[in-house]
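# Survey of secondary and tertiary structure
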Protein chains: 2
Amino acid sequence: MTDESIVTRRTLMTGVGLGLAAAGMPALAARPGRKFGYAIVGLGSYATKQIMPAFAGCDHAKISALVSGTPAKLEQFGTEYGVPKTHRYSYETFDRIADNPDIDAVYIILPNSMHAEYSIRAARAGKHVMCEKPMAISVAECEAMIAASRTAGKKLMIGYRSRFEPHNQLAIELARGGHVGPTRIITAEHGFPIQPGQWRLDKPLSGGGSLMDIGIYSLNAVRYLTGEEPVDVMAIESTDRADPRFRTVEDRITFLLRFPSGIEATCVSSYSSAHNSYRVIGTQGWIDMEPATPYSGHAMRVRKDGKVTDRTLPPSPKTQFAGQLDHLAQAVLNGTPVIVPGEEGLADLRVIEAIYRSAREGRPVRLQA
Amino acid sequence: MTDESIVTRRTLMTGVGLGLAAAGMPALAARPGRKFGYAIVGLGSYATKQIMPAFAGCDHAKISALVSGTPAKLEQFGTEYGVPKTHRYSYETFDRIADNPDIDAVYIILPNSMHAEYSIRAARAGKHVMCEKPMAISVAECEAMIAASRTAGKKLMIGYRSRFEPHNQLAIELARGGHVGPTRIITAEHGFPIQPGQWRLDKPLSGGGSLMDIGIYSLNAVRYLTGEEPVDVMAIESTDRADPRFRTVEDRITFLLRFPSGIEATCVSSYSSAHNSYRVIGTQGWIDMEPATPYSGHAMRVRKDGKVTDRTLPPSPKTQFAGQLDHLAQAVLNGTPVIVPGEEGLADLRVIEAIYRSAREGRPVRLQA
């Protein structure tokens, strides 16, 4: 693994891809047909219902190990996915993944406050890391994760699945390509009425409320639809602290962002109402997605020169989850950069911290461009 | 007119309606079939293309006089609408409307900065006033207008036509009635790409840019959909001052409002992109209007318990314009309050001033509940 790691690291750091990537190829060719192995860390609902079933649609990735604090889950899913007992770990034995060459990467699907610790331990164990969003609960943690993966010469990717979903990819292409004229305004709303009794409502585990969990989709979307980083942030929070769900985390938070080009975005994050949409409004029309970031069933309409056209695409043969899992595998195997590295998660957390600060202090927060 | 004026004034001031209204009726009964006469003040595009044709659909109102600074317009529209030369006025002869008993009210459709002056002069001439929105260009002007109409014992109504449009009326009923659960978030967007060379782009005449002209629809909608006054205002402006259209007025301004009940609103106002929609999001679904406030062609959808239903209504036999014109007529004739009095225009201007202040000073502005 050493040679490949060095290649990967240098490729990431220098941005010089092709020659080094080619140099890294033999390691792959030496094991034809071998798929890139993930250790799934955390066997909660998202892991077991969305991610693990998605491997069936992967061309380059497979589940090679499981990590859980619940022996019954290790037994159940180990049997279901054919993961041998030697490849099942608890959090106590987690660091032994270093000795398992079948594990190329870990996929961290733990409560938010555990992302940094396990990402860093995985990097130190010599593994690439896929980490769920939000990347962590603070900018400082994100920076530590990036440093750990760099030091290890391993890749760090954040689970921004929408970037592997064809409607969102088309929206990015159309928005940034000026299909409806230069973008002026983006509106983005994400939310759902949350059920009580989950770790997401426990601030020490989640790091925050709706913004950390679902509002991040609004934020990430306006960033990928513009390709810019916001410079001004204004936010207002509204939380009924008498509601037992919201004793420690926020319910609703709305925020305005201004980007260097003058694009403005209005965003919604909510734990007490359902939202899943965005709209890019240019000088000549708009690109509308609703639902914008579901697991499936995206719908897209484009208004241009006064005419609205349905741009919903036929179902993709490959799910966004499989696309995401294969992407890291291919990036490692080919020595190419991932499109959503740790820096992308860090960029979201920078804005998230500014949003919280703006709402808390009742003032706008300016970010460095 | 004196008796009726006193009745109207007392009804307005005391809120005690029925008995006094009945007392006012004889004045009407004395002239059976006589319609309430409006003097149209300002013969621009909105007056001549929307308002004046709408009188054909009125049951209680008619055009009885015209006021314009352009003799050719007075001649053209005077002939078209059968307004005799004795009932045509210039701005110099405007105050002579006091002597014309065929004029019950004036409808001020002038550039924004002229609303206050002509509304006040009309009240002093003993006329009821219908004034286009924005009511004026400052809170102080609005207060002076209200005082003038009160002193004259005459009604003052603002041209919020959407309040007489069935989809908006239904939206208000559903939103305030909790049809999709208590409202949590409202998003409202209004804008259009403005053509150069109009008074709307000249701040001394308009008092401001997109917010005064089209963004006020977003603001007014969130106020009528909640029935509340906002307590917190945050705004960001984005204007390319190199664009010759925006030398003196703003292009885009986005703003967040928080209401006493915890409802949050995100609003868009734009002069460089097309928007005409709002959505009320409750705990159980949403009420969506797009277009929300057009002259015609409204469309409404409601999502409740996961199911989306088209709630677009069949065309109304009476236009929103005719409904608005008849409303003031009926309120005067019956001695009942108008639903959009000067206080309604004042409330919008209070928030508009706060939005401008927030954008200018880069800080949130708190309003008194």
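Bear in mind that the values here come from a model prediction, so they are computed numbers and not experimental data. (Residues numbered from 1 in each chain as written. Chains lettered and ligands numbered in written order. Predicted model: local features only at pLDDT ≥ 70, side-chain atom pairs only at ≥ 80, totals over all residues. Heavy atoms only, no water.)

### Notes on the packing of aromatic side chains
All names here are of chain A. With the rule as written, the count across this model stands at 20 aromatic pairs over all chains. Arranged with centres 5.3 Å apart and planes meeting at 75 degrees, the rings of Phe36 and Tyr38 form a pair that is edge-to-face. When sorted by exposure, Phe36 lands in the same class as Tyr38, which is buried. Seen in terms of ring centroids, Phe192 and Tyr271 are 5.4 Å apart; in terms of plane orientation they differ by 70 degrees. Their pairing is edge-to-face. One end of the pair, Phe192, is in the loop between strand S7 (183-191) and helix H8 (203-206); the other, Tyr271, is in the loop between strand S10 (264-270) and strand S11 (275-282), with 79 residues separating them in the sequence. Judged by relative accessible area, which is 27%, Phe192 ranks as partly exposed. Here a set of aromatic residues connected by ring pairs shows up, and it is made of Phe36, Tyr38, Phe55 and Tyr107. (Phe/Tyr/Trp six-rings, centres within 6.5 Å; stacked < 30°, edge-to-face > 60°. Buried < 20%, exposed > 50% of the residue type's maximum accessible area, 1.4 Å probe, protein only. Helix = DSSP H or I, 4+ residues; strand = E, 2+ residues; numbered from the N terminus.)

### Concerning the sheet that holds strand S1 (residues 36-41) of chain B
Residue and element names in this part refer to chain B. Taking strand neighbours across the sheet as the criterion, the six strands line up as S3-S2-S1-S4-S5-S6 in an open arrangement whose pairing is parallel. The two strands at the open ends of the sheet, each matched to only one other strand, are strand S3 (88-89) and strand S6 (156-158). As paired strands, strand S2 (residues 61-67) and S3 are joined by two bridges and run parallel to one another. Residue Val67 lies in a different strand from S3, and its bridge partner there is Tyr89. (Pairing = 2+ DSSP bridges.)

### So, the environment of A:Ala152
Residue and element names in this part refer to chain A. Tracing the backbone through its elements, the reader meets Ala152 in helix H6 (residues 139-152). A residue is classified by how much of its surface remains accessible, and Ala152, at 27% relative accessible area, is partly exposed. Spatially, the C-alpha atoms of Ala152 and His128 are 8.8 Å apart, while their sequence positions differ by 24 residues.

### Notes on the relation of the copies chain A and chain B
For these two chains of identical sequence, chain A goes onto chain B by a turn of 180 degrees and a shift of 0.0 Å along the axis, with RMSD 0.0 Å. In the structure described here, the two chain copies are related by an operation that fits a two-fold rotation axis. When C-alpha distances to the rotation axis are compared across chain A, the minimum falls at A:Arg363, with a value of 2.6 Å. The overlap is high: 100% of the interface residues of chain A also sit at the interface in chain B, so the same surface is used on both sides. (Least-squares fit on C-alpha atoms with pLDDT ≥ 70 in both. Contact = heavy atoms within 4.5 Å.)

### A closer look at the pairing of strand S2 (residues 61-67) of chain A
All names here are of chain A. Across the seven residues of S2, six count as buried, placing the element largely inside the fold. Examined bridge by bridge, strand S1 (residues 36-41) and S2 share six bridges and lie parallel to one another. The partner of Gly37 across the bridge, within S2, is Lys62. In this view, the connection linking S1 to its parallel neighbour S2 by way of helix H3 (residues 45-54) has right-handed handedness. Tracing the backbone out of S2, into helix H4 (residues 71-81) and back to the parallel element strand S3 (residues 88-89) gives a crossover that is right-handed. (Right-handed = clockwise from strand over helix to strand, strands pointing away.)

### Notes on unusual backbone geometry
Negative phi characterises most residues that are not glycine, and trans characterises most peptide bonds. With an omega dihedral of -5 degrees, the bond running from B:Lys133 to B:Pro134 counts as a cis peptide bond. Examined against the element boundaries, B:Pro134 turns out to sit in the loop between strand S5 (128-131) and helix H6 (139-152). Going from B:Glu290 to B:Pro291, the amide bond is cis rather than trans, its omega being -5 degrees. Positionally, B:Pro291 belongs in the loop between strand S12 (285-289) and strand S13 (300-304). Notably, A:Asp305 is not glycine yet its phi reads approximately 50 degrees, a positive angle. Along the chain, A:Asp305 turns up in the loop between strand S13 (300-304) and strand S14 (307-310). Residue A:Asp305 is classed as exposed on the basis of its relative accessible area, which comes to 63%.

### Some words on the environment of B:Ile108
Residues and elements named next belong to chain B. Note on placement: Ile108 falls in strand S4 (residues 105-108). With a relative accessible area of 0%, Ile108 lands in the buried category. On a C-alpha basis, the gap between Ile108 and Asp232 in space is 31 Å, while along the polypeptide they are 124 residues apart. Beyond its immediate chain neighbours, meaning those up to four positions away, Ile108 contacts Val41, His115, Tyr118, Ser119, Val129, Met130, Cys131 and Glu132.

### Looking at the confidence of the model for chain A
Summarising the model, chain A shows a mean pLDDT of 92, and 91% of its residues fall at 70 or more. Ignoring residues within four places in sequence, the model shows residues 1-30 of chain A, a span with pLDDT below 50, making 32 contacts including any to other chains. (pLDDT = per-residue confidence, 0-100.)

### Overview of the sheet that holds strand S9 (residues 252-258) of chain A
Reading across the sheet, the nine strands line up as S14-S13-S12-S11-S7-S10-S9-S8-S15 (chain A) and stay open at both edges, with mixed pairing between neighbours. Here the strands that pair on one side only, and so sit at the sheet edges, are S14 and strand S15 (365-366) of chain A.

### Topic: the UniProt feature "domain: Gfo/Idh/MocA-like oxidoreductase N-terminal" (unreviewed entry) in chain A
UniProt's feature table lists "domain: Gfo/Idh/MocA-like oxidoreductase N-terminal" (unreviewed entry) at residues 36-160 of chain A, given in the numbering used throughout. With 36% helix and 21% strand, the stretch residues 36-160 of chain A has end C-alpha atoms that lie 19 Å from each other. (UniProt positions renumbered as here; feature names shortened; annotations may be inferred.)

### Considerations on the domain arrangement of chain A
How big an interface is tends to be stated in terms of accessible area lost as the parts join. Residue and element names in this part refer to chain A. The domain architecture assigned to chain A consists of domain 1 (2-161 + 321-340) and domain 2 (162-315 + 349-366). Contact residues are listed per partner, giving 24 residues for domain 1 and 19 residues for domain 2. Taking both sides of the interface into account, the surface hidden between domain 1 and domain 2 amounts to around 1,900 Å²; carbon and sulfur atoms contribute 62%. Counting across the interface, domain 1 meets domain 2 through one salt bridge. Where domain 1 touches domain 2, the interface holds 13 residue pairs in polar contact (both at pLDDT 80 or more). Where the side of domain 1 that touches domain 2 is concerned, the elements lending two or more residues are H3, H6 and helix H10 (320-334). Of the residues belonging to the side of domain 1 that touches domain 2, the class tally is 14 nonpolar, seven polar and three charged. (Domains from an automatic or database assignment. Buried area = accessible area lost by both parts, 1.4 Å probe. Salt bridge = Lys/Arg side-chain N within 4 Å of Asp/Glu carboxyl O. Polar contact = N/O pair within 3.5 Å; in protein donor to acceptor, adjacent residues only side chain to side chain. Nonpolar A, V, L, I, M, F, W, Y, C, P; charged D, E, K, R; others polar.)

### Section: H4(A)
Residue and element names in this part refer to chain A. Within the span of H4, buried status applies to Leu74, Phe77 and Gly78. One side of H4 carries all its buried residues, which in axial view fall inside an arc of 110 degrees. Exposed side of H4, more than 90 degrees from the buried face: Ala72, Thr79 and Glu80 are the residues found there. Each element contacted by the buried residues of H4 is listed here: H3, S2 and S3. Positioned one or two residues after H4, Gly82 has a phi angle of 65 degrees, which is positive. (Arc of directions from axis to C-beta.)

### Some details on the interface of chain A and chain B
On the chain B side, the residues contacting the 40 residues of chain A number 40 residues. Roughly 3,100 Å² is buried in total at the junction of chain A and chain B, and carbon and sulfur atoms are behind 57% of that figure. At the boundary of chain A and chain B, one finds two salt bridges. The salt bridge partner of B:Glu290 is A:Arg279, with a shortest N-O separation of 2.6 Å. At the junction of chain A with chain B, the criterion picks out 16 residue pairs in polar contact (both at pLDDT 80 or more). Of the residues forming the side of chain A that touches chain B, the biggest block, seven residues, is contributed by S9(A). Looking at the side of chain A that touches chain B residue by residue, the classes come out as 16 nonpolar, twelve polar and twelve charged.

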